[in-house]
Amino acid sequence: DPHPGCAMDHAGLANPDALCCVNVVVQSLFHITAFRRAVLEAADDAVVTAELADVFRRMEAPGCSVCCRRLLHLCMEEAEEGVQHDAAEVRLSLLGALEDEAAGEGAVARCLDALFKGSKEIVLRSSGKDVVLPEQFLDLRCSVVDPMGRPHGTLEAALRSLRQTVEVKSLSGAPTGSSMASSFPKLPPVLAVHIERSDHDAGGEKSSSRLDFPERLPPRAPAPGG
């Protein structure tokens, strides 16, 4: 709730039972004007969209804090009460639920396509031949360290690592003679970068390496596509 004497234009979000994972997602989406308007103007027969619209309406009116517990459980049925979940996972689940309900029609669907989706191409090279696999993405995932375990140090270095060519190995770890590289023909206007600190292939070992990033990206920020 707002502190006495503190002027606030919007209501805050309550954080009982470890809801910060969904709160940070809702806060970021709320401040994207075009998306917020699309959600508020959408039909109320879509359950997740209607719940998000209700949260947005209550946030627009200064007053008591808003709880997003029901929204979290609607978009993530497996969410456990009082357990902290990954915010990137919550974001993908929420946007995925909104996309399913929109079914490719209406302002919400157009916003999802125009604002959040980027395009990626995975190039597999084997025996001198390239196979290009196009796909869409809602976030860019990169590790805080390189494949050798050395810290990237900066966000720019972490993003550039996404374009590096890597050798494809068999399940036994033996070289296959093939390689894989990625390119990003289109980055979305709202770019989500997921910095992974845990190496799940190494038993979930977590890196505490520092990663520096600017508070404001320069007008011509280096993109992973070049």
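Structural data are supplied above this passage.
Residues numbered from 1 in each chain as written. Predicted model: local features only at pLDDT ≥ 70, side-chain atom pairs only at ≥ 80, totals over all residues. Heavy atoms only, no water.

Q: When you look at the side chain of R91 in this model, what are you seeing that I'm missing?
A: Locating R91 in the fold gives a position in helix 5 (residues 87-102). Buried charged residue R91 carries no salt bridge. Nearest counter-charge: D139, at 5.1 Å. (Helix = DSSP H or I, 4+ residues; strand = E, 2+ residues; numbered from the N terminus. Buried < 20%, exposed > 50% of the residue type's maximum accessible area, 1.4 Å probe, protein only. Lys, Arg positive; Asp, Glu negative; His and termini not counted. Salt bridge = Lys/Arg side-chain N within 4 Å of Asp/Glu carboxyl O.)

Q: It is not clear to me how the state of the cysteines should be interpreted in this structure. Could you clarify?
A: Disulfides are covalent bonds that connect the sulfur atoms of two cysteines. On inspection of all chains with the given rule, the structure shows 0 disulfides. A disulfide-free cysteine, C20 has its sulfur positioned 5.9 Å from the sulfur of C21, the nearest such atom. (Disulfide = S-S within 2.5 Å.)

Q: What am I meant to see in the pattern of salt bridges here?
A: Side chains that differ in sign of charge can pair as their charged atoms come close. All told, the structure shown has 11 salt bridges when counted by the stated rule. Ionic pairing is found between R150 and D146, a salt bridge with its closest N-O pair at 2.8 Å. With relative accessibility at 15%, the residue D146 sits in the buried group. A single salt-bridge network, built from bridges that share partners, covers E99, D113 and K117.

Q: I'm lost on helix 6 (residues 106-116) in this one. Help?
A: Among all positions of helix 6, only V108, A109, C111, L112, L115 and F116 are buried. Buried residues of helix 6 fall within an arc of 160° about the axis and therefore sit on the same side. Summarising the contacts, the buried residues of helix 6 are in contact with helix 1 (20-30), helix 2 (33-40), helix 3 (47-60), helix 5, strand 1 (118-126) and strand 2 (129-137). (Arc of directions from axis to C-beta. Contact = heavy atoms within 4.5 Å.)

Q: Honestly, the nonpolar core in this entry has me stumped. Any pointers?
A: Soluble, globular proteins show a tendency: their nonpolar side chains are buried together. Core analysis: the biggest nonpolar cluster contains 37 residues, and V26, L29, F35, F56, L98 and F116 have the highest contact counts within it. Put simply, the parts of the chain that give this core at least two residues each are helix 1, helix 2, helix 3, helix 4 (69-75), helix 5 and helix 6. (Core = buried A, V, L, I, M, F, W, Y, C linked by side-chain atoms within 4.5 Å.)

Q: I keep staring at the packing of aromatic side chains and nothing clicks. Help me out?
A: For any pair of aromatic rings, the description rests on two quantities: the centre-to-centre distance and the angle between the ring planes. Going through the model one piece at a time under the given rule, you end up with 3 aromatic pairs. Judged by centre distance (5.5 Å) and plane angle (65°), the rings of F30 and F56 are edge-to-face. Of this pair, F30 sits in helix 1 while F56 is found in helix 3, placing the two residues 26 residues apart along the sequence. For F30, a relative accessible area of 1% translates into the label buried. Accessibility expressed as a relative area gives 0% for F56, which makes it buried. Centroid distance F137 to F184: 5.9 Å. Interplanar angle 85°. Geometry classified as edge-to-face. Taken together, the positions of F137 in strand 2 and F184 in strand 5 (residues 175-186) put the pair 47 residues apart, joining distant regions of the chain. (Phe/Tyr/Trp six-rings, centres within 6.5 Å; stacked < 30°, edge-to-face > 60°.)

Q: Help me out: how do you make sense of helix 5 in this one?
A: At 3.6 residues per turn, the α-helix brings residues three or four places apart onto the same side. With 16 residues, helix 5 extends 22 Å from end C-alpha to end C-alpha; this agrees with the ideal 22 Å at 1.5 Å per step. Looking only at helix 5, the buried set comprises A88, V90, R91, L94, L95, A97, L98 and A102. Immediately downstream of helix 5, the backbone of A103 shows phi near 55°, a positive value. (Expected span 1.5 Å × (residues − 1).)

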